Amino acid sequence: MTATDTGTGARIELAIGGMTCASCAARIEKKLNKIEGVQATVNYATEKANVVHPDGITPDELVAVVEKAGYTATVPQPEAEEAEPPAEEADPLRTRLLVSTALSVPVILLAMFPALQFTNWQWLSLTLAAPVVVWAALPFHRAAWTNLRHGTATMDTLISMGTLAALAWSLYALFLGTAGTPGMTHGFEFSVQRTSGTGNIYLEVAAGVTTFILAGRYFEARSKRRAGAALRALLELGAKDVAVLRDGQEERVPVDRLAVGDRFVVRPGEKIATDGVIEDGSSAVDASMLTGESVPVEVGPGDTVVGATVNAGGRLVVRATRVGSDTQLAQMAKLVEDAQTGKAEVQRLADRVSAVFVPIVIALAFATLGFWLGTGGSVGMAFTAAVAVLIIACPCALGLATPTALLVGTGRGAQLGILIKGPEVLESTRRIDTVVLDKTGTVTSGQMSLARVVAAEGEDATEVLRLAGAVEDASEHPIAKAIAAGARAQAGALPEVADFANLEGLGVQGVVDGRAMLVGRAALLAEWSVELPAELADAKAAAESEGATAVAVAWDGRARAVLVVSDTVKPTSAEAVAQLRGLGLTPILLTGDNEAAARAVAAKVGIDEVIAEVLPADKVDVVSRLQGEGRVVAMVGDGVNDAAALVRADLGLAMGTGTDVAIEAGDLTLVRGDLRAAADAIRLSRRTLGTIKGNLFWAFAYNVAALPLAAAGLLNPMIAGAAMAFSSVFVVSNSLRLRGFRPA
């Protein structure tokens, strides 16, 4: 991601290297934010810094600040984003872990089982343990030294101090004490109890803690890559090359050479290379990987298509309208990445805790050592308690609690066509109690269709519809198209029309099967001195009171029927409203239509509260009024005329069509036009927030509970190391459960 203008400066994303824990991220963030005018957030899980900086500050200056803090920083190249991140973090870790495990297991076994303690076994333990503490734990020592030079401390400082202290004590006992005497033995109980440690060596602690923590870091690195897999999968969805039409000939070129206006061919089974408009051919397009919608959509000339969707049917010729970073796929990926890079309110608390935790722990470790020595405890026991405090306190899990859940939750959302704009959105979904639904395009399809046919006495409704449909089939008007489509569905093939004429603002006329047909407003019939009989006049009035359009049909001087055309309720809207109610939300229908029409739609989908006859500009006032009544409001709209209201609402959900306005205005963008996705989005957001809070609770409660045990001398340092490593793996594994989220 390169620098982009934000209007108040520039935004840049830096790839950060060398971070080993949440304290590292907090430290880099603090250093960057000290620069005047800079706002930075550093994410430990994604290993990225998102920086907004004044125009006068260059990326090189920002990189220099990070490097001065003891870390590396680079500006990633766009092409690097599409590739699988290199496993260079995990591979050396894996090597260190394997070597460390092979050397540590004999050391731990010798210490645990006195029966295995042959003459001079302690010197073999030293030979095996020393490379583990010196070489395998080198990343911790290196980071601790860097921190020391900068006058700071991180979790690596604790690990380095604990393992080196254990090794140093063991060397002292072996060379200057009695531990090196041939035939020396000591017991080892893998339990929580107070021990003196007198005459003991702690090589198994030094090697065991190093191995356990390396194991935790290794599985953490692997899990972080798995957590980011959804975004990489999204970026890799697109086609790699495309058949461009040049001078009537197909030429295969890489997709990045495609320009706006180019015409390209998509054969059955191929991915559509970029967003465009179909110029020739018809087919069904499978958009499931972008929208989560399983049913392919029929498309033809004039229809828009989205890059990365799959052509499931015939050959298509498409004209490119958006390429590169402007495509819907690229915007989705950017939105997901921004959400993963940001921080929720709860994460900021965790960051503050992590930043002050390490110095407190070091002070507590020295206080523990001093207390036990001062109260007559043995040196060995005092030392054991102090090392246990250092090891158990590492709050790595605290730093991973939020970013890993965000990574997995937003990635899973992207797979389901739910784009979460930022982590602060998660907090909003927990508080909302009211959901305002725009009617047209949200609850309804926004497209006209034939609702019913009311035939005059003695007339055959199907025959009337067949004849009227034939005339309307020659017109391009949306209402005419709806009637023609309804006629085909109910009456089959339509006959030919002769002497067709389109009468602007009134309707159409023509001759079908020898009948001179009039189809349109009552005013059109009146011009030909044809009046509606009472039952048709009542049907027309009833349709108009519902907000529907009534079209009269006449021939041979008599009115034969009224065709009722209306915007159709989406088949899934009633189910979606029920799901929203199940989440504890009160649905309200908001529309510019008349009250009767709005009530009719509301009754079909199960909404009790209706606000009708509202101009687009007044929708913001409606949201503000509801907020003034103490409600926390979510707004669901189509993202065009509802944009201002989406911004004003506590939570804005932009429906379906992936327009630029929708993506900018909404906190959550629902790629599908299905209202059920709104309920799924709120459920996923709440589940993600719940996972974050659960992670934070267990990570923090674990530290709070274990520290007093360690300080009291009731926790063996090796058990502490194992438990600390396990807590990080637990937090990441708990976050990965979000990958199993399913729509209701």
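Residues numbered from 1 in each chain as written. Predicted model: local features only at pLDDT ≥ 70, side-chain atom pairs only at ≥ 80, totals over all residues. Heavy atoms only, no water.

### A word on the sheet that holds strand β9 (residues 275–280)
Applicable threshold: By this definition, two strands are paired if DSSP reports at least two bridges between them. Numbering goes from the N terminus for both helices and strands, where a helix is a DSSP run of H or I of at least four residues and a strand is a run of E of at least two.
The strand order across the open sheet formed by six strands is β7-β6-β8-β14-β9-β12, and the pairing between neighbours is antiparallel. Looking along the sheet, the strands with just one partner apiece sit at the ends: β7 (249–254) and β12 (304–305). Where strand β8 (residues 263–266) and strand β14 (residues 316–322) come together, four bridges link them in antiparallel fashion. Note on β14: the bridge partner recorded for Val266 is Leu316.

### Digging into the confidence of the model for the protein
Do not read the predicted coordinates in detail wherever pLDDT is low. Heads up, the condition is: Here pLDDT means the predictor's own confidence in every residue, given as a number from 0 to 100. Two residues qualify as a contact provided that any one of their heavy atoms is within 4.5 Å of a heavy atom in the partner residue.
In this model, the protein carries an average pLDDT of 80, and 83% of its residues clear a pLDDT of 70 or more. This model gives residues 79–90 a pLDDT under 50, and the stretch forms 16 contacts once residues within four places in sequence are excluded. Note on residues 190–198: pLDDT under 50 across the span, and 24 contacts to partners over four residues away in sequence or across chains.

### Here's the deal with a nonpolar patch on the surface
Defined as follows: Only residues whose relative accessible area exceeds 30% and that form no salt bridge are eligible for patches; like-charged ones are grouped when within 9 Å, while nonpolar side chains (Val, Leu, Ile, Met, Phe, Trp, Tyr) are grouped when within 5 Å. Per-residue and other accessible areas follow the Shrake-Rupley method at a 1.4 Å probe size, with only the shown protein chains counted as cover for residues. The term salt bridge refers to a side-chain nitrogen of Lys or Arg lying within 4 Å of a carboxyl oxygen of Asp or Glu.
Together, Val105, Leu109, Phe113 and Leu116 make up a nonpolar patch on the protein surface, roughly 330 Å² of accessible area in all. Position of Leu109 among the secondary structure elements: in helix α4 (residues 90–112).

### What to know about the sheet that holds strand β22 (residues 558–569)
Rule in force here: Only the stretch in contact is used when fitting a helix axis, every axis being a line fitted to C-alpha atoms; angles between N-to-C directions are given from 0 to 180 degrees.
The strand order across the open sheet built from six strands is β17-β22-β21-β20-β19-β18, with neighbouring strands paired in antiparallel fashion. Whereas interior strands pair on both sides, the edge strands pair on one side only; in this sheet they are β17 (444–455) and β18 (498–503). When the angles between neighbouring strand axes are averaged without regard to direction, this sheet yields 20 degrees. By the bridge criterion, eight bridges tie β17 to β22 in an arrangement that is antiparallel. Paired with Ser449 across the strands is Ser566, a residue of β22. On the sheet, helix α20 (residues 534–545) packs against β17, β21 (549–555) and β22 and is oriented at approximately 15 degrees with respect to β22.

### Overview of the nonpolar core
Buried together is how nonpolar side chains tend to be arranged in soluble globular proteins. Put simply, the test is: Nine residue types can take part in a nonpolar core, namely buried Ala, Val, Leu, Ile, Met, Phe, Trp, Tyr and Cys, and a core is a set of them joined through side-chain atoms within 4.5 Å. Burial status follows relative accessibility: with a 1.4 Å probe on protein chains alone, a residue under 20% of its type maximum counts as buried, one over 50% as exposed, and anything between as partly exposed.
In terms of nonpolar packing, the biggest core is built from 50 residues, with Leu437 and Leu653 touching the most fellow members. It is helix α26 (residues 676–711) that provides the largest number of residues to this core, a total of 10 residues. Setting aside chain neighbours within four positions, we find Leu437 in contact with Val443, Val577, Leu580, Pro587, Ile588, Leu589, Leu590, Ile607, Val636 and Leu675. Judged by nonpolar contacts, the second largest core, of 35 residues, contains Trp121, Ala129, Val132 and Phe383.

### Describing the packing of aromatic side chains
Definition in use: Aromatic rings from Phe, Tyr and Trp, with only the six-membered ring used for Trp, were paired whenever their centres fell within 6.5 Å, and each pair was classed as stacked if the ring planes differed by under 30 degrees, edge-to-face if by over 60, and tilted otherwise. Comment: the charge-over-ring label is applied if NZ (Lys) or CZ (Arg) is within 6 Å of the ring centre and within 35 degrees of the ring normal.
Under the criterion given, the structure shown has three aromatic pairs. When the ring of Phe697 is compared with that of Trp698, the centres are 5.2 Å apart and the planes differ by 75 degrees; the resulting orientation is edge-to-face. Positioned above the aromatic ring of Trp135 is the side chain of Arg96, whose terminal nitrogen or guanidinium carbon lies 4.9 Å from the ring centre.

### Quick word on a positive patch on the surface
What counts, and what does not: His is not counted, nor are the chain ends, whereas Lys and Arg count as positive and Asp and Glu as negative. Here the site of a charge means atom NZ of a Lys, CZ of an Arg, CG of an Asp or CD of a Glu.
A cluster of like positive charges, contributed by Lys30, Lys31, Lys34 and Lys68, occupies part of the molecular surface. Summarising the element assignment, Lys34 is placed in the loop between α1 (22–33) and β3 (39–43). The class for Lys34 is exposed, based on a relative accessible area of 62%.

### So, the environment of Ala537
Note on placement: Ala537 falls in helix α20. Owing to a relative accessible area of 32%, Ala537 belongs among the partly exposed residues under this scheme.

### Brief notes about the pattern of salt bridges
Inspection of every chain in the model, using the stated rule, returns 23 salt bridges. The partner of Arg263 in a salt bridge is Glu279, with the nearest N and O atoms 2.7 Å apart. Of this pair, Arg263 sits in strand β8 while Glu279 sits in strand β9, and the two are 16 residues apart along the sequence. Exposure remark for Glu279: the relative accessible area of 35% places this residue in the partly exposed category.

### Notes on the side chain of Asp438
In plain terms, the rule: For the purposes of these results, a polar contact is taken to be a pair of N or O atoms within 3.5 Å, where, inside protein, one atom must be able to donate a hydrogen and its partner to accept one; residues adjacent in sequence count only when each atom of the pair is a side-chain atom.
Structurally, the position occupied by Asp438 is in strand β16 (residues 434–438). Separated by 2.8 Å, the side chains of Asp438 and Lys619 make a polar contact. Among residues more than four places away in sequence, those in contact with Asp438 are Val443, Leu590, Lys619, Met635, Val636, Gly637, Asp638 and Asp642.

### A few points about unusual backbone geometry
Non-glycine residue Asp499 carries a positive phi angle of around 50 degrees. Here Asp499 shows up in strand β18. Backbone geometry places Asp513, a non-glycine residue, at a positive phi of 50 degrees. The topology assignment puts Asp513 in the loop between β19 (507–512) and β20 (515–520). Judged by relative accessible area, Asp513 falls into the partly exposed class, the value being 45%.

### What about the environment of Ala26?
Along the chain, Ala26 turns up in helix α1. Under the relative-accessibility criterion, Ala26 is labelled buried at 14%. Each C-alpha atom, one on Ala26 and one on Thr41, is 8.6 Å from the other, the two residues being 15 residues apart in sequence.

### Topic: the pairing of β21
When you tally the buried positions in β21, you get six out of seven residues, the bulk of the element. The pairing of β20 with β21 spans four bridges and is classified as antiparallel. Within β21, the residue paired with Met517 across the bridge is Trp555. Direction of pairing for β21 relative to β22: antiparallel, over a ladder of seven bridges. Of the residues in β22, the one forming a bridge with Ala554 is Ala559. Following β21, the chain reverses through two residues before pairing antiparallel with β22; Asp556 in that reversal takes a positive phi of roughly 55 degrees.

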